[in-house]
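Residues per chain, in single letters:
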Amino acid sequence: MATQWEYATVPLIIHATKAILDQWGSDGWELVTVIQGPDAGLVAYLKRPKGA
């Protein structure tokens, strides 16, 4: 069976980007991409295998 994924979107605070991504990474989330959000802030998209 193929891996099933769950996803999260996380707003990034520019002065705390590394701390935010490190925290999500320690919970098993992998960064997929970062895009410009609708309010000019950055939004990170993350994924991890379901049940992780």
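Preceding block: the structure.
Just so we're clear, the structure is a prediction, and the values are computed from it rather than from any experiment.

A.B. asks: Just checking my understanding: could you explain the pairing of strand β3 (residues 42-49) for this structure?
C.D. replies: The side chains of a regular strand alternate, residue by residue, between the two faces of the sheet. Examined bridge by bridge, strand β1 (residues 5-12) and β3 share eight bridges and lie antiparallel to one another. If you follow Leu-12 over to β3, its bridge partner there is Leu-42. Pairing analysis gives six bridges linking strand β2 (residues 30-36) to β3, with the strands arranged antiparallel. Within the sheet, the bridge partner assigned to Leu-31 lies in β3 and is Leu-46. Counting the residues that bridge the hairpin from β2 to β3 gives five residues, and of these Ala-40 lies at a positive phi of roughly 75 degrees.

A.B. asks: Got a minute to help me understand the packing of aromatic side chains in this structure?
C.D. replies: Geometry of an aromatic ring pair is reported as the spacing of the ring centres plus the angle between the planes. Considering all chains together, one arrives at one aromatic pair under this definition. Ring centres of Trp-24 and Trp-29 lie 5.5 Å apart, and the angle between their planes is 65 degrees; on these two criteria the pair is classed as edge-to-face. Among the residues examined, Trp-29 registers a relative accessible area of 11% and is labelled buried.

A.B. asks: What's the story with the sheet that holds β1 in this structure? I'm lost.
C.D. replies: Taking strand neighbours across the sheet as the criterion, the three strands line up as β1-β3-β2 in an open arrangement whose pairing is antiparallel. The sheet is open, and its two borders are formed by β1 and β2, each paired with just one other strand. In this sheet, adjacent strand axes meet at a mean angle of 25 degrees when their direction is disregarded. Docked against the sheet, helix α1 (residues 17-26) engages β1, β2 and β3, running at close to 160 degrees with respect to β1.

A.B. asks: What is the right way to look at the pattern of salt bridges in this model?
C.D. replies: If you walk through the whole model with that rule in mind, you get two salt bridges. In this structure, Arg-48 engages Glu-6 in a salt bridge whose closest nitrogen and oxygen atoms are separated by 2.8 Å. Taken together, the residues span a long stretch of sequence, with Arg-48 in strand β3 and Glu-6 in strand β1 at a distance of 42 residues.

A.B. asks: What is the right way to read the environment of Glu-6 from this model?
C.D. replies: Owing to a relative accessible area of 26%, Glu-6 belongs among the partly exposed residues under this scheme. Taking the C-alpha atoms as reference points, Glu-6 and Leu-46, separated by 40 residues in sequence, lie 8.5 Å from one another. Engagement of the side chain of Glu-6 in a polar contact is seen with the side chain of Arg-48, the distance being 2.8 Å.

Conventions we followed
Residues numbered from 1 in each chain as written. Predicted model: local features only at pLDDT ≥ 70, side-chain atom pairs only at ≥ 80, totals over all residues. Heavy atoms only, no water. Pairing = 2+ DSSP bridges. Helix = DSSP H or I, 4+ residues; strand = E, 2+ residues; numbered from the N terminus. Phe/Tyr/Trp six-rings, centres within 6.5 Å; stacked < 30°, edge-to-face > 60°. Buried < 20%, exposed > 50% of the residue type's maximum accessible area, 1.4 Å probe, protein only. Axes fitted to C-alpha atoms, helices over the stretch in contact; angles between N-to-C directions. Contact = heavy atoms within 4.5 Å. Salt bridge = Lys/Arg side-chain N within 4 Å of Asp/Glu carboxyl O. Polar contact = N/O pair within 3.5 Å; in protein donor to acceptor, adjacent residues only side chain to side chain.

It is worth stressing that arrangement in space is one thing and function is another; only the former is reported here.
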